[in-house]
Amino acid sequence: VQLQAFGGGLVQARDSLRLSCATSERTGSAYTMGWFRQGPGKQREFVAAVRRGSGTTHYADSVKGRFTMSRDNAKNTVYLQMNSLKPEDTAVYYCAGRRTGILSTLRDVAQYSNWGQGTLVTVSS
């Protein structure tokens, strides 16, 4: 599956932004989808994921309560709604997919086989 992420931009602290990731095929039952981010000088880190089949969502502690991930199977798109943004959320955000949905490895970058290009989110203070 091919992925294309978009929706990034420059916002102020406490603003909201929604990222989208268009997929080249239906992913609802076959792919676990994730969002990751990489800040300046940092390693890529897990942000959120929605498991294939069940559709359950999982979040990094740093974004829990502020970010919401969802998927629209009819549109072959997954979203990341980001509210109450902070300067530390500044990063390039990537969407990713994998065919397995093993809970214990959900946050593992290496387990995702398909990646979209990143979209830059900059949050000013």
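Here goes a summary of the coordinates provided. (Residues numbered from 1 in each chain as written. Predicted model: local features only at pLDDT ≥ 70, side-chain atom pairs only at ≥ 80, totals over all residues. Heavy atoms only, no water.)

1. Things to note about the environment of Phe36
- Looking at the element boundaries, Phe36 is found in strand S4 (residues 32-38).
- As a C-alpha pair, Phe36 and Tyr94 span 58 residues in sequence and 5.1 Å in three-dimensional space. (Helix = DSSP H or I, 4+ residues; strand = E, 2+ residues; numbered from the N terminus.)

2. Details of the pattern of salt bridges
- Under the defined criterion, the tally for this structure stands at four salt bridges.
- For Arg37, the salt bridge identified is with Asp89, shortest N-O distance 2.9 Å. Pair noted here: Arg37 is in strand S4 and Asp89 is in the loop between strand S8 (77-82) and strand S9 (91-98), with a separation of 52 residues, a long-range link.
- With a relative accessible area of 0%, Asp89 lands in the buried category.
- Here Asp89 ties to Arg66 by a salt bridge, and the two come within 2.8 Å at their closest N and O atoms. Of this pair, Asp89 sits in the loop between S8 and S9 while Arg66 sits in the loop between strand S6 (57-59) and strand S7 (67-72), placing them 23 residues apart in sequence.
- Through salt bridges that share partners, Arg37, Glu45, Arg66 and Asp89 make up one connected network. (Salt bridge = Lys/Arg side-chain N within 4 Å of Asp/Glu carboxyl O. Buried < 20%, exposed > 50% of the residue type's maximum accessible area, 1.4 Å probe, protein only.)

3. Structural notes on the sheet that holds strand S1 (residues 3-6)
- Judged by pairing direction, the sheet is antiparallel, and its four strands sit side by side in the order S1-S3-S8-S7 without closing on themselves. Only two strands of the sheet have a single neighbouring strand rather than two, namely S1 and S7. Ignoring strand direction, the axes of neighbouring strands in this sheet form an average angle of 15°. (Pairing = 2+ DSSP bridges. Axes fitted to C-alpha atoms, helices over the stretch in contact; angles between N-to-C directions.)

4. Points about the pairing of S4
- When you tally the buried positions in S4, you get six out of seven residues, the bulk of the element.
- Bridging between S4 and S9 involves seven bridges; their strand directions are antiparallel. When the bridges of S9 are listed, Thr32 appears paired with Arg98.
- Looking at chain direction, S4 and strand S5 (residues 45-50) are connected through five bridges and run antiparallel. Among the inter-strand pairings, Phe36 is bridged to a residue of S5, identified as Phe46.
- Linking S4 to S5, which pair antiparallel, is a turn of six residues; within it Gly41 sits at a positive phi near 70°.

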